[in-house]
Amino acid sequence: MPDPLLPINTILSRLAEYPQRIHAVTADLSEAKLHTHPAPDEWSANDVLAHVRACADVWGSYIARILSEDRPAIKAVSPRRYIDQTDYLEQEFKPSLQAFTAQRAKLLEVLQALAPEGWERQAIVTGVGKPIVRTVHTYSDRLTRHEREHVHQIEQIVEALRS
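Quick caveat: nothing in here was measured; it's all calculated off a predicted structure. (Residues numbered from 1 in each chain as written. Predicted model: local features only at pLDDT ≥ 70, side-chain atom pairs only at ≥ 80, totals over all residues. Heavy atoms only, no water.)

(A) Seen up close, the pattern of salt bridges. Across all of its chains, the model carries 9 salt bridges by this definition. A salt bridge links R162 to D28; the nearest nitrogen and oxygen atoms lie 2.3 Å apart. Here R162 is found in helix α7 (residues 136–162), whereas its partner D28 is found in the loop between α1 (8–26) and α2 (31–34), with 134 residues between them in sequence. Looking at D28, the relative accessible area reads 58%, which means it is exposed. In this structure, a network of salt bridges that share partners links the residues D3, D141 and R145. (Salt bridge = Lys/Arg side-chain N within 4 Å of Asp/Glu carboxyl O. Helix = DSSP H or I, 4+ residues; strand = E, 2+ residues; numbered from the N terminus. Buried < 20%, exposed > 50% of the residue type's maximum accessible area, 1.4 Å probe, protein only.)

Have a look at this one:
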C-alpha cells in the first residue's frame, strides 16, 4: 500500500526549503568542485541539480496542465529522457540553481494560492502501463519526496568533496 500523501503544509514548506538548502551547502564551493564526481560512476552535485531541475520541469508542467485544463490526458515523459533536451548538465551550477530557485518560487506562488479543491484536480496519465489518475496533490507529493532524497545526495557529495 502506498504511503499516504504528505500534508499540503508540509509539501509547501519543504518545496520552499530545498533550493535554500542546496544554496547553503554549495555556496562556498568552486564551479570545478560542483562538477566533480566524488567517485567513478557517481553524480556530481551539478548532475544531481540538473536531474532535479528536469523533474521539476516535467512534473511542474503536469501540475500547470491539471490546473489549466479539466481532467487533461497527459502522456508521461521520463525526466531522465527530458534532460537530454536541455543543457542542464553543461550549465554552470550557480546560474542553474538560480533558475531552479526562480522556477520554484513561481510554482509555490501557484500552489499557495490553491483552495483545497484545487489540490484534488485530476489528470489521466498514460504511457506508464494502464492509465492512472494523478492530482495536483499527488504530483506535488512526488516532487517533494523525490527532491528530499536528492537534496540529501547533494549534501553527501559536498561532504565527500570536503573530506
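After that view of the structure, there is still more to cover.
(B) Examining the side chain of T144 more closely. As for its position among the elements, T144 is in helix α7. Residue classification places T144 among the buried residues on the basis of a relative accessible area of 0%. Residue contacts for T144: discarding those within four places in its chain leaves L6, I11, R14, L15 and Y18. (Contact = heavy atoms within 4.5 Å.)

(C) Focus on the packing of helix α3 (residues 45–68) against α7. Interhelical geometry of α3 versus α7 gives an angle of 170° and a closest axis separation of 10 Å. Taken together, the axes of α3 and α7 lie roughly antiparallel to each other. Counted together, A45, V48, L49, H51, V52, C55, A56, W59, Y62, I63, I66 and L67 of α3 and V136, Y139, S140, R142, L143, H146, E147, H150, Q153, I154 and I157 of α7 form the full contact between these two elements. Residues belonging to the contact of α3 with α7 are distributed by class as follows: 16 nonpolar, 5 polar and 2 charged. (Axes fitted to C-alpha atoms, helices over the stretch in contact; angles between N-to-C directions. Parallel < 35°, antiparallel > 145°, perpendicular 65-115°, else oblique. Nonpolar A, V, L, I, M, F, W, Y, C, P; charged D, E, K, R; others polar.)

(D) Structural detail: α1. If you check α1, its first and last C-alpha atoms are 28 Å apart, about what 19 residues at 1.5 Å a residue would give, namely 27 Å. Along its length, α1 shows its largest kink, about 25°, at E17, and proline P19 lies within four residues downstream of that point. Residues of α1 that are buried include every one of T10, I11, L12, L15, Y18, P19, I22, V25 and T26, and no others. Contact partners of the buried residues in α1: α2, α5 (93–112), α6 (116–119) and α7. (Expected span 1.5 Å × (residues − 1). Bend = angle between axes of the 7 residues up to and from the residue.)

(E) Layout of the pairing of strand β3 (residues 132–135). Two strands pair when backbone bridges link them, and strand β2 (residues 122–126) and β3 are joined in this way by 4 bridges, in the antiparallel orientation. Each residue of the ladder has a partner; that of I124, found in β3, is V133. As consecutive antiparallel partners, β2 and β3 are separated by 5 residues, and within that stretch G127 has a phi angle of approximately 95°, a positive value. (Pairing = 2+ DSSP bridges.)

(F) Looking closely at the nonpolar core. Core analysis: the biggest nonpolar cluster contains 38 residues, and I22, W59, F93, F100, L111, Y139 and I154 have the highest contact counts within it. Examining the composition of this core, we find that 11 residues originate from one element, α3, more than from any other. (Core = buried A, V, L, I, M, F, W, Y, C linked by side-chain atoms within 4.5 Å.)

(G) Examining α5 more closely. The terminal C-alpha atoms of α5 lie 28 Å apart, and with 20 residues this matches the ideal 28 Å at 1.5 Å per residue to within 8%. Among all positions in α5, only F93, S96, L97, F100, R104, L107, L108 and L111 are buried. For α5, the arc enclosing every buried residue in end-on projection is 110°, short of the 170-degree limit, so these residues lie on one face. In α5, the exposed residues that point more than 90 degrees away from the buried face are Q98, K106 and E109. (Arc of directions from axis to C-beta.)

(H) Highlighting unusual backbone geometry. One non-glycine residue, D41, lies in the positive phi region at around 65°. Its identity as a non-glycine residue notwithstanding, R71 has a phi of 45°, on the positive side. As for its placement among the helices and strands, R71 is situated in the loop between α3 and β1 (73–75).

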